[in-house]
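Tertiary structure, described
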Amino acid sequence: MNSQRTEPTALELLPAVDIADGRTAQLVHGGAGAGNVEPPAEAALWWQGGGAEWIHLVDLDAAFGRGHNRDLVAHIVGALDIDVEISGGIHDDESLNAALATGCRRVIIGTAALERPAWCAAAIAAHGDRVAVGLDIRGRTLAARGSTRVGGDLFEVLERFDREGCARYVVTDVDTDGMLSGPNLELLRRVCAATDRPIVTSGGVAQLSDLEALVDLVAIGVEGAIIGTALYDGRFTLADGLRVTVGR
């Protein structure tokens, strides 16, 4: 493996803003869940005002092939002064270039990384660490979000994308995503043991003790945690989460 990790730092928190039909929605158990909250731009600005240094911005309509919210996504990125990662429906040069053109810090390629691995490898080669690969996992098997179709063995896919220069992985345990059941720490340990690339985790965080457990994994490669349902449900505040993860 190539040495990619730097000295461990604080755990990054990435509040999630999931967009469906122009509104903010929550994603539950890997599917297109509901639960409207504040308008997406207001939600993103709220998290920025609360001290977030990243926003995880998801176009659910693009992800599920039912249209897209590109203009809104571009508006949100332009309104923020912090880093944004964009996910949802990035599957070809046109959708990738549209996402990158917003000025976001990075774009996550998910399903297309499994279905179009050669194209994904070319995107990684062209854009470096502005591209991350999203891995939705059940057990050790990969699947497209919201799909029951098998996408391959997790560790074989990790090995392939490591060889092709992937800079970062966004790892979602689909069975815990949106369920407030706690992150899958054992899965994260196994992924970190299999790759030297930093990992952003998504799914399961319900309470501050979950963040404390993730902080303990920073030294082995967990770089950040995407938080959605717990923040929107008021399980803890962003300020409390930041005190746990970065001590402020």
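In case you missed it, the structure is sitting above this.
What counts, and at which threshold
Residues numbered from 1 in each chain as written. Predicted model: local features only at pLDDT ≥ 70, side-chain atom pairs only at ≥ 80, totals over all residues. Heavy atoms only, no water. Helix = DSSP H or I, 4+ residues; strand = E, 2+ residues; numbered from the N terminus. Contact = heavy atoms within 4.5 Å. Areas by Shrake-Rupley, 256 points an atom, 1.4 Å probe, with all protein chains shown as cover. Buried < 20%, exposed > 50% of the residue type's maximum accessible area, 1.4 Å probe, protein only. Pairing = 2+ DSSP bridges. Axes fitted to C-alpha atoms, helices over the stretch in contact; angles between N-to-C directions. Left-handed = near helix turned anticlockwise from the far one by under 90°. Nonpolar A, V, L, I, M, F, W, Y, C, P; charged D, E, K, R; others polar. Phe/Tyr/Trp six-rings, centres within 6.5 Å; stacked < 30°, edge-to-face > 60°. Lys NZ or Arg CZ within 6 Å of the ring centre and 35° of its normal. Salt bridge = Lys/Arg side-chain N within 4 Å of Asp/Glu carboxyl O. Lys, Arg positive; Asp, Glu negative; His and termini not counted. Polar contact = N/O pair within 3.5 Å; in protein donor to acceptor, adjacent residues only side chain to side chain. Arc of directions from axis to C-beta. Core = buried A, V, L, I, M, F, W, Y, C linked by side-chain atoms within 4.5 Å.

1. Topic: the overall build of the chain
Regarding its fold elements, the chain presents eleven helices and eleven strands. Long-range pairs, those at least 24 residues apart, make up 70% of the contacts in the chain between residues at least 6 apart in sequence. Split by element, the accessible area of the chain, about 10,500 Å² in all, is 49% carbon and sulfur.

2. Some thoughts on the pairing of strand β4 (residues 83-87)
Among the five residues of β4, four are classified as buried, and the element is accordingly described as predominantly covered. Two elements, strand β3 (residues 54-59) and β4, share five bridges in a ladder whose sense is parallel. Across the sheet, residue V58 finds its bridge partner in β4, namely S87. Relative to strand β5 (residues 106-109), β4 is paired through three bridges, and the arrangement is parallel. Residue S87 lies in a different strand from β5, and its bridge partner there is I108.

3. Side note on the packing of helix α7 (residues 154-163) against helix α8 (residues 185-194)
A pair of packed helices can be characterised by two numbers: the angle between their axes and the separation between those axes. The contact between α7 and α8 brings their axes to 10 Å, and the two run at 35°. Crossing angle aside, the handedness with which α7 passes α8 is right-handed. For the pair α7 and α8, the contacting residues are L154, F155, L158 and D162 in the first and L187, R190, V191 and A194 in the second. In terms of residue class, the contact of α7 with α8 is built from six nonpolar, no polar and two charged.

4. What to know about the packing of aromatic side chains
For the structure shown, the criterion picks out one aromatic pair. On the basis of an interplanar angle of 80° and a centroid distance of 5.6 Å, the ring pair of W47 and Y232 is categorised as edge-to-face. Of the two residues, W47 sits in helix α1 (residues 40-49) while Y232 sits in helix α10 (residues 229-232), which places them 185 residues apart along the sequence. Above the plane of the ring of W54 lies R106, whose end atom (NZ or CZ) is 4.1 Å from the centre. When the ring centre of F161 is taken as origin, the NZ or CZ atom of R160, which lies over that ring, is 4.8 Å away.

5. Considering the pairing of β5
Because side chains alternate across β5, one face comprises the buried residues R106 and I108, and the other comprises V107 and I109, equally buried. Relative to strand β6 (residues 131-138), β5 is paired through three bridges, and the arrangement is parallel. Considered in β6, the bridge of I109 is made with V133.

6. Describing the pattern of salt bridges
By the definition in use, this model includes eleven salt bridges. For the salt bridge of D129 with R105, the shortest nitrogen-to-oxygen distance reads 3.0 Å. Taken as a pair, D129 in the loop between α6 (117-127) and β6 and R105 in the loop between α4 (93-100) and β5 lie far apart in primary sequence, 24 residues in all. Here R197 makes a salt bridge to D196, at a shortest N to O gap of 2.6 Å. Each member of the pair, R197 as well as D196, is classed as buried.

7. With respect to the side chain of D173
Mapping D173 onto the fold places it in strand β9 (residues 169-173). Among buried Asp, Glu, Lys and Arg side chains, D173 stands out as unpaired, with R138 the closest opposite charge at 7.4 Å. Among the polar contacts listed, one links the side chain of D173 to the side chain of N184, at a separation of 3.1 Å. Sequence-distant contacts of D173, defined by excluding residues within four places in its chain, comprise I137, N184, L187 and S202.

8. Quick word on α7
For α7, every residue scored as buried is listed here: L154, V157, L158, F161 and D162. When α7 is viewed along its axis, its buried side chains cluster within an angular range of 135° and face the same direction. Opposite its buried face, α7 presents the exposed residues E156 and R163, each directed more than 90 degrees away. Looking at where α7 begins, the residue whose side-chain oxygen comes 3.0 Å from the main-chain nitrogen of F155 is D153. With its phi angle positive at about 95°, G165 sits one or two positions after the end of α7.

9. Some thoughts on the nonpolar core
Counting residues in hydrophobic clusters, the biggest one holds 61 residues, and the most contacted among them are L57, I109, V133, L135, F161, Y169 and I227. Beyond its immediate chain neighbours, meaning those up to four positions away, V133 contacts I108, I109, A113, C120, I124, F161, C166, R168, Y169 and V170. I108, A132, V170 and I226 belong to the second-largest nonpolar core, a separate cluster that totals eight residues.

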